[in-house]
Amino acid sequence: MSELSGGAAIAGLGMTELGRVYGPSPRRFAADAVRKAVDDAGLHLGDLDGLLVSHGVGGSPGIELAETLGLKDLRLLTHLNTYGATTGAMVSYAVMSVLSGAATTVACVFADAPLKPAQPAGSAYDTSKRRGGPREFYGFGGMTAALGFRSVNSFYALAAQRHMARYGTSSEQLGAIAVSTRQWATMNPLAQMRDPITLEDHQNSRWVSEPLHLLDCCLVSNGAIAIVITSADRARDLAQPPVHVWGWGQGHPGHRKERGSEFGLTTGAVTSGPIAMKMAGVTVDDIDVCELYDCYTSTVLVSLEDYGFCAKGEGGAFAASGALGPGGSLPTNTGGGQLSAFYMWGMTPLSEAVVQARGQGGERQVPKKDVVLVSGNGGILDHHSTLIVSPHAKGA
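Residues numbered from 1 in each chain as written. Predicted model: local features only at pLDDT ≥ 70, side-chain atom pairs only at ≥ 80, totals over all residues. Heavy atoms only, no water.

(A) Broad picture of the overall build of the chain. On a plain count of helices and strands, the chain comes out with 14 helices and 11 strands. By the compact-globule yardstick of 21 Å for 396 residues, the chain fits well, its C-alpha radius of gyration being 20 Å. Taken across its 396 residues, the chain has 58% of its residues classed as buried. Within the chain, residue pairs in contact and separated by at least 24 positions form 77% of the contacts whose partners lie at least 6 positions apart. Summing over all exposed atoms, the chain offers an accessible surface of approximately 15,700 Å²; the carbon and sulfur share of this is 51%. Averaging the locations of the 30 positively and 35 negatively charged side chains of the chain gives two centres separated by 6 Å. (Helix = DSSP H or I, 4+ residues; strand = E, 2+ residues; numbered from the N terminus. Rg over C-alpha atoms; globule rule 2.2 N^0.38 Å. Buried < 20%, exposed > 50% of the residue type's maximum accessible area, 1.4 Å probe, protein only. Contact = heavy atoms within 4.5 Å. Areas by Shrake-Rupley, 256 points an atom, 1.4 Å probe, with all protein chains shown as cover. Lys, Arg positive; Asp, Glu negative; His and termini not counted. Charge placed at Lys NZ, Arg CZ, Asp CG, Glu CD.)

Written out as structure tokens, the structure reads:
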């Protein structure tokens, strides 16, 4: 693609306070995260010539973030949104820009501020309030609305129920994912939820939308996370160990929620995974660590199957085996993920991948982290992105 045979790498990581942090707007959170990422890399804001912006439901920082940061003479500036799959897309576009020479140093940032004081977290995702009116449904979607499926929780519950009905997956198997994820979170000082939980705690937590308990569902968080991407050759001389981007891919299955579709049974990981792994020159057997998008426990389970870590229908048994937790054969969501650490959409798994690849995980650091898989999931299993990253230069 270019003369930069060494590829591209993540050189900086910036994270604001995350969780129930009130006051700053998404733009202020985003500006703070970008500054932290640039400083982490040992660079200056003036070194940036690219900025990619993404946001959650609390409002967008907008491309006006460039003005807030005082950036000038940018060669790349845009806002991206494929929901939870956006981070993987941003990274791929930033890498391709660096490799093509369209830009040299690109910041990617996600920011959100949906939480408000004295309001329950669930109200942040009330679509009627967020969009100024009831959600519009078109065509077949109007049927699901008429049947009462109007929330994200209810659609993911439908997806989980479909998997259960087809393969015999149990609530206890989903609970094993919540428990292992919390085990990792107890070792992450940045995690919102650090108290250990048991399978009994999971089963006793209230229903959100059956078959999903409260502990099957992710957190809601305020804050921002940013990364800086530059050429691998340049990253080697900067302040932090480079995290090399070996491969990337996207998948957008377009499943309709109707009889005969694959909704709830497969995700876009079926497409994005092989693309990213082929580009990286690896297979599932080479993956040491997984940082998977875990908006719900069931999302992790179906993603594991779709990537090929276990056969279709065996994700529940694989999770219940202890493979995902500390000491397991496939360390997964080692920072506590979105279920227990914080919910920064696709930046949650990517930030932990950077921490692990750098060897900076402290108590939760995994011993083998040569190849790390990062996933993003958007919509109701509608969009997917995959990244393969490593502390080593590709082909080294």
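(B) Inspection of the side chain of His163 at higher detail. Within the secondary structure layout, His163 lies in helix H6 (residues 152–167). Under the relative-accessibility criterion, His163 is labelled buried at 5%. Excluding residues within four positions of it along the chain, His163 makes contact with Gly168, Thr169, Gly264, Leu265, Leu301, Val302, Glu305 and Gly313.

(C) Structural detail: the packing of H6 against helix H11 (residues 297–307). It is the contact of H6 with H11, at a shortest axis distance of 10 Å, that shows an interaxial angle of 50°. One element, H6, and the other, H11, form an angle in the oblique class. Taken as a pair, H6 and H11 cross one another with a handedness that is left-handed. Along the contact surface, H6 presents Tyr156, Ala160 and His163, while H11 presents Ser298, Thr299, Leu301, Val302 and Glu305. Grouping the constituent residues of the contact of H6 with H11 by class yields four nonpolar, three polar and one charged. (Axes fitted to C-alpha atoms, helices over the stretch in contact; angles between N-to-C directions. Parallel < 35°, antiparallel > 145°, perpendicular 65-115°, else oblique. Left-handed = near helix turned anticlockwise from the far one by under 90°. Nonpolar A, V, L, I, M, F, W, Y, C, P; charged D, E, K, R; others polar.)

(D) Broad picture of the sheet that holds strand S7 (residues 223–231). Strand order in the open sheet formed by nine strands is S3-S2-S4-S7-S1-S8-S11-S10-S9, and the pairing between neighbours is mixed. Strands with a single pairing partner mark the edges of an open sheet, and in this sheet they are strand S3 (76–79) and strand S9 (289–291). Going across the sheet, the axis of each strand differs from the next one's by a mean of 25°, ignoring polarity. Examined bridge by bridge, strand S10 (residues 372–378) and strand S11 (residues 383–390) share seven bridges and lie antiparallel to one another. Its bridge partner lying in S11, Leu373 is registered against Ile388. Most of the contacts of helix H1 (residues 26–41) go to strand S1 (residues 8–15), to which it runs at about 125°, and overall it touches S1, strand S2 (50–55), strand S4 (105–112) and S7. Helix H14 (residues 347–358) rests against S1, S4, S7, strand S8 (243–251), S9, S10 and S11 of the sheet, and its axis sits at about 110° to S1. (Pairing = 2+ DSSP bridges.)

(E) Just the packing of aromatic side chains, in detail. Evaluated as defined, the whole model comprises four aromatic pairs. Judged by centre distance (6.4 Å) and plane angle (65°), the rings of Tyr307 and Phe309 are edge-to-face. (Phe/Tyr/Trp six-rings, centres within 6.5 Å; stacked < 30°, edge-to-face > 60°.)

(F) Region of interest: helix H10 (residues 269–280). Over its 12 residues, H10 runs 15 Å from end to end, which matches the ideal 16 Å to within 8%, given 1.5 Å per residue. Along H10, the residues that are buried comprise Ala269, Ser272, Gly273, Ala276, Met277 and Ala280. Viewed end-on, H10 has its buried residues packed into an arc of 120°, placing them on one side of the element. Structurally, H10 contributes buried residues whose contacts are with S8, H11, S10 and S11. (Expected span 1.5 Å × (residues − 1). Arc of directions from axis to C-beta.)

(G) Fine view of the pattern of salt bridges. Under the defined criterion, the tally for this structure stands at nine salt bridges. Measuring nitrogen to oxygen at the nearest pair gives 2.8 Å for the salt bridge that ties Arg358 to Asp40. Of this pair, Arg358 sits in helix H14 while Asp40 sits in helix H1, placing them 318 residues apart in sequence. Note on accessibility: Arg358 and Asp40 belong to one class, buried. The salt bridge partner of Lys368 is Asp370, with a shortest N-O separation of 3.4 Å. On the basis of relative accessibility, which here comes to 28%, the residue Asp370 falls in the partly exposed class. What emerges from the salt-bridge pattern is a single network uniting Asp288, Lys368 and Asp370. (Salt bridge = Lys/Arg side-chain N within 4 Å of Asp/Glu carboxyl O.)

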